[in-house]
Amino acid sequence: MKKTSIVCLTVCLTLLLHLPVLCQPFMTNVAGRDIRSLDGRWEAIVDLFDRGEVMKVYKNQTAEQFGRFVEYSFDRGIRLEVPGDWNSQRPELKYYESTIWYKRDFDYTPSPDKRLFIYFGASNYQTDLYLNGEKIGSHEGGFTPFQFEIGDKVRTGHNFIVARVNSRRSPLSIPAMIYDWWNYGGITRSVLLIETPKKFIEDYTIRLAPGKTDEIYAHVKIAGSGTAEKATVSIPEIGLSTTVSTDKNGEAEFTAPARLTLWSPENPKLYTVEISTLSDTIREQIGFRTISTEGGKLLLNGKPVFLKGVNCHDEIPQRMGRAFSEADARMLLSEVKALGCNFLRLTHYPASEEMVRMAERMGIMLWEEVPLWQQIAFSDPGTLDKANRMVSEMVARDKNRCAIILWSVSNETAPGPDRNRVLGEMIRHCRMLDPSRLITSAFSHTQSTPTSLTLTDPVAGLVDVIGINKYYGWYIPWKCSPKELVWNVPFDKPVIFSEFGSEALYGKHGDPNNATEWNEEYQARNYRDNIAMLPNIPHLVGTTPWVLFDFRSPYRMNGEYQEEWNRKGLISDKGHRKMAWYVLKEYYESIP
Ligand code: GCB
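The structure presented is a predicted model; accordingly, all values stated were derived computationally and were not measured. (Residues numbered from 1 in each chain as written. Predicted model: local features only at pLDDT ≥ 70, side-chain atom pairs only at ≥ 80, totals over all residues. Heavy atoms only, no water.)

**Q** Just checking my understanding: could you explain the environment of Glu251 for this structure?
**A** Along the chain, the position of Glu251 falls in strand 15 (residues 251-257). Through-space distance from the C-alpha of Glu251 to that of Cys480 is 59 Å; in sequence the pair is 229 residues apart. Non-local contacts of Glu251, meaning those with residues more than four positions away in its chain, are made with His219, Val220, Lys221 and Thr246. A distance of 2.8 Å separates a polar atom in the side chain of Glu251 from a polar atom in the side chain of His219. (Helix = DSSP H or I, 4+ residues; strand = E, 2+ residues; numbered from the N terminus. Contact = heavy atoms within 4.5 Å. Polar contact = N/O pair within 3.5 Å; in protein donor to acceptor, adjacent residues only side chain to side chain.)

If you want it as structure tokens, here you go:
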């Protein structure tokens, strides 16, 4: 062989070996499966310069094994809790945005009739995963799950998993370089080993059939089938049990009559649904409701509904860290309920699955969003795929959650040809994945005069429900009385006033007319002003003021009042309700 072809072959092989192993689709309802938690204390190595790849940290070698010096070791190093962001676990990691290597040992006894998967609830932002020193895959994105099948690689007895997690922001990441929340890095949600039968129920969608309240639609997918299989969907409480045959790809879809009590905030009724095949059975609590629009009206179960909402980050301010557990979800959602809300905007990324499930049990409707926040690289050719993958992952995880009524594709991105094209494609993609829900986005670009604003964003024509963020009385001074401000929204669609608010430091009191004091009186007054303006918003079907709790953000640089906290919370970082909380509560109580 000529020297040049040998060089070519070597280059090609090297390239092939370094191609990212993309993650596989993850299975729905992991909590309902045969799982073993890998949560707990993982060994960790902080790798600021990202040298670990070259040093093959993932091999977890010792000098004795390797026969020469190895200048890394997981032994006797730091330990990090999983799930958990690293920033809140050690003071020196507060601002850390680079690589940390995680390692976890586990014992396993493979069985010939089982398949084995490893599942991460979320890990921010880029994750590369190694099992027993070999790469098994990568995942990009900090807020959605991913899984890999490892049954053919796992050993009898001792095994070790190494995860390289890198939280560096980049112009091409989603979100990109700047955003108004803390960039919590690390394995932020649970890690599970999932064991399934050889042929298992990988995925299913169960909801009301389109346009019906007395018929369910079901789609079931059996993995590893290769032939037609029998699958049964039953809802014992209403005596429903339907058995169908799948096609040779293991898929089946059908509709069946069902007499159901519909889910609503007043009666968040859930049914135990069982899906079974010859070799697998899985159960889950599922609710049924319709959500639709009629001109400017929003209809839940066919009746107009007003969304009494609020925004909330997936963060526990008192702990200064990412939320991840059921207890965290209960804390945040109890405050949502206490405010009199029936709706929550999960800003600005998919929250934990615990949060979504708990909201459903508590009767809170949800808006869930992918993290396309302001400055996204829309002209980059890779952005659409990346964004669509995030949409797919969000929908795959939560498509059976009736609490979710709205998928949001973005927040405050600036109109322009590339952005309009990408959002248009994302909306199409999301609708194709889930035609049963409504699609929204939070828009902020408008044309304004001292007495009016006009929404001009062309993408507003593509969504089902329009979200508008406007900070009158904070970023935008009032130039007329709130009651006189005219809103022009030239679309016959429901509108949600998806953000308004102003900063206030809890306990700071003063002149309600003085915005520069950051006092509670000003914030409360600004809530009254915004509420006074609401009748001017055409087709208004809901409000989600900004924001439930003060939250951490490097964006917030006022040393006296902020100290890296966004203070627009209705509740302080220590859990104290500010005066504006009572204003909003009173408003929500006044709505039937
Ligand atoms: C916004 C953003 C939100 C910010 C908020 C603020 O428009 O959507 O993420 O945190 O304003 O406080 O400026």
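Moving on, there is more to tell.
**Q** I would appreciate a short explanation of helix 8 (residues 579-590) in the present structure.
**A** Residues spaced three or four apart along an α-helix point in a common direction, a consequence of the helix completing one turn every 3.6 residues. A rise of 1.5 Å per residue sets the reference length of helix 8, with its 12 residues, at 16 Å; its end C-alpha atoms lie 17 Å apart and thus fit the reference within 8%. Listed in full, the buried residues belonging to helix 8 are Ala580, Trp581, Val583, Leu584, Tyr587 and Tyr588. The buried residues of helix 8 occupy one face: seen down the axis, they fall within an arc of 160°. Exposed positions of helix 8 whose direction lies more than 90 degrees from the buried face are Glu586, Glu589 and Ser590. Residues of helix 8 that are buried make contact with strand 21 (307-308), helix 3 (326-338), helix 7 (520-533) and strand 34 (540-543). (Expected span 1.5 Å × (residues − 1). Buried < 20%, exposed > 50% of the residue type's maximum accessible area, 1.4 Å probe, protein only. Arc of directions from axis to C-beta.)

**Q** Whenever I open this one, the packing of aromatic side chains confuses me. Can you help?
**A** We describe a pair of aromatic rings using the distance from one ring centre to the other and the angle between the two ring planes. Under the definition given, this model contains 27 aromatic pairs. On the basis of an interplanar angle of 70° and a centroid distance of 6.5 Å, the ring pair of Trp42 and Phe120 is categorised as edge-to-face. Of this pair, Trp42 sits in strand 2 (residues 40-47) while Phe120 is found in strand 5 (residues 114-120), placing the two residues 78 residues apart along the sequence. According to the relative accessible area criterion, Trp42 is buried, its value standing at 0%. Three or more aromatic residues joined by ring pairs form one cluster here, namely Phe143, Tyr179, Trp181, Tyr349, Trp373 and Tyr555. Stacked on the ring of Tyr271, the Lys or Arg Lys269 has its end atom at 4.6 Å from the ring centre. If you follow Arg552 out to its NZ or CZ, it ends over the ring of Trp182, 3.9 Å from the centre. (Phe/Tyr/Trp six-rings, centres within 6.5 Å; stacked < 30°, edge-to-face > 60°. Lys NZ or Arg CZ within 6 Å of the ring centre and 35° of its normal.)

**Q** Explanation requested: unusual backbone geometry in the structure shown.
**A** The bulk of non-glycine residues show a negative phi, and the bulk of peptide bonds are trans. For the bond running from Asn124 to Tyr125, omega is 10°, close enough to zero to count as cis. Take Tyr125: it is sitting in the loop between strand 5 and strand 6 (126-131). Looking along the chain, the bond that leaves Thr347 and enters His348 is cis, with omega of -20°. Looking at the element boundaries, His348 is found in the loop between strand 25 (343-346) and helix 4 (353-362). Phi at Asn29 is positive, roughly 55°, even though this residue is not glycine. Inspection of the secondary structure puts Asn29 in the loop between helix 1 (3-18) and strand 1 (34-37). Since its relative accessible area comes to 5%, Asn29 is described here as buried. For Glu412, which is not glycine, the phi torsion reads 55° and is therefore positive.

**Q** What is the right way to read the site of the ligand from this model?
**A** If you check the shell around the ligand, you find 14 residues, and the closest are Asp180, His348, Glu412, Tyr475 and Lys568. With respect to the ligand, the side chain of Tyr471 contributes an N or O atom lying 3.2 Å from an oxygen atom. Summarising the interface, the protein chains cover 95% of the accessible area of the ligand, which totals 320 Å² for the free molecule. A class-by-class count of the residues in the shell around the ligand yields five nonpolar, four polar and five charged. (Near = heavy atom within 4 Å. Areas by Shrake-Rupley, 256 points an atom, 1.4 Å probe, with all protein chains shown as cover. Nonpolar A, V, L, I, M, F, W, Y, C, P; charged D, E, K, R; others polar.)

**Q** So what exactly am I meant to see when it comes to the sheet that holds strand 14 (residues 240-245) here?
**A** The strands making up a sheet are joined through hydrogen bonds of the backbone, oriented either antiparallel or parallel. The strand order across the open sheet formed by four strands is 14-13-16-17, and the pairing between neighbours is antiparallel. Two strands in the sheet have a free side with no partner beyond their single neighbour: strand 14 and strand 17 (281-286). Pairs of neighbouring strands in the sheet enclose a mean axial angle of 15°, with direction left out of account. Where strand 13 (residues 230-235) meets strand 16 (residues 271-276), three bridges bridge the pair, whose relative direction is antiparallel. (Pairing = 2+ DSSP bridges. Axes fitted to C-alpha atoms, helices over the stretch in contact; angles between N-to-C directions.)

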